[in-house]
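An overview of the molecular structure
In case you want the letters, here they are:
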Amino acid sequence: MKYNIKVNKINNSEWSTKAFVSIVFGDAFKVNDITIRESNKGTLFVAMPGYRTNQLDEQGRSVYKNYCYPTTAEFRKELFDKIIKAYKNDAKEMEIISGKEEMSYQVFMYKSKGNTNVESIGRIIFDNCFSVDGVKVIESEKGSFVAMPSKSKTDENGKTEYSDICYPVTKDFREQLYKNILEQNNVIKEKEVSSYMENIDLSKDEGLPFR
């Protein structure tokens, strides 16, 4: 899989965050909000975009999870080493080809058990080594639509604005990916309707009005 790393350094020695990083996989899908940070011991590490959950650890601290992350130890080491190397070499951009240049992906969607407006939630896995979690299909008056993981911020007027953390960068890949996601969502909805109908006993017609 070919991927491009872009590093934007921060010129502030007092911040633990040293750079913001974005990655484009296969010239088709972009991941933002990756950071390079410095630990208390002075070592650099890569932090993937994440969110705070409602869970607490044994010390009572909030548990954080990543939206996007490598799924194998091998690719994690490769990716993070390349990011740190680009930072140290002052390379604003770096192109890497890992294995086959062509990118493959799989979509896994599941019925949502939380928000009633969310029909399904799932993940995209690229080349069996990088996962994007928190992909949603949301119900609206205009029909179901795909929503990528996003972050929010409040502007000067108190209005909340949302921006996608990751997203397709080409029209063709966007149409292909979203079509696959919506197809899986439709299968989930059809199974839900089928299961509901199986539980209805149509032989019990007492009290039903007839004309």
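All of the points below concern the structure found in this document. Given the structure is predicted, the values throughout are model-derived calculations rather than measurements.

Criteria and thresholds
Residues numbered from 1 in each chain as written. Predicted model: local features only at pLDDT ≥ 70, side-chain atom pairs only at ≥ 80, totals over all residues. Heavy atoms only, no water. Helix = DSSP H or I, 4+ residues; strand = E, 2+ residues; numbered from the N terminus. Rg over C-alpha atoms; globule rule 2.2 N^0.38 Å. Buried < 20%, exposed > 50% of the residue type's maximum accessible area, 1.4 Å probe, protein only. Lys, Arg positive; Asp, Glu negative; His and termini not counted. Charge placed at Lys NZ, Arg CZ, Asp CG, Glu CD. Pairing = 2+ DSSP bridges. Polar contact = N/O pair within 3.5 Å; in protein donor to acceptor, adjacent residues only side chain to side chain.

Re the overall build of the protein
- Within the protein, the regular secondary structure consists of 2 helices and 15 strands.
- Here the C-alpha radius of gyration of the protein, 22 Å, is well above what a compact globule of 211 residues would show, namely 17 Å.
- Looking at the 211 residues of the protein, the share that counts as buried comes to 35%.
- Charge separation in the protein, taken as the distance between the mean sites of 32 positive and 32 negative side-chain charges, equals 5 Å.

A look at the environment of Ser 13
- Mapped onto the fold, Ser 13 is located in the loop between strand 1 (2-9) and strand 2 (17-25).
- For Ser 13, a relative accessible area of 70% puts it in the exposed group.
- Along the sequence, Ser 13 and Ile 36 sit 23 residues apart, while their C-alpha atoms lie 13 Å from each other.

Considering the pairing of strand 10 (residues 118-126)
- The buried fraction of strand 10 amounts to 7 of the 9 residues, a majority that puts the element mostly inside the structure.
- Both strand 9 (residues 105-111) and strand 10 contribute to a ladder of 7 bridges, which runs antiparallel. Bridge pairing in strand 10 links Tyr 110 to Ile 121.
- Hairpin connection of strand 9 to strand 10: 6 residues between the antiparallel strands.
- The antiparallel pairing of strand 10 with strand 11 (residues 130-138) creates a hairpin that spans 3 residues between the two strands, and Asp 127 there sits at a positive phi of about 50°.

Quick look at the side chain of Lys 2
- Note on placement: Lys 2 falls in strand 1.
- By relative accessible area, Lys 2 is classed as buried at 12%.
- Here Asp 27 takes part through its side chain, which lies 2.6 Å from a polar atom of the side chain of Lys 2.

No statement about biological role is implied by the geometric values presented.
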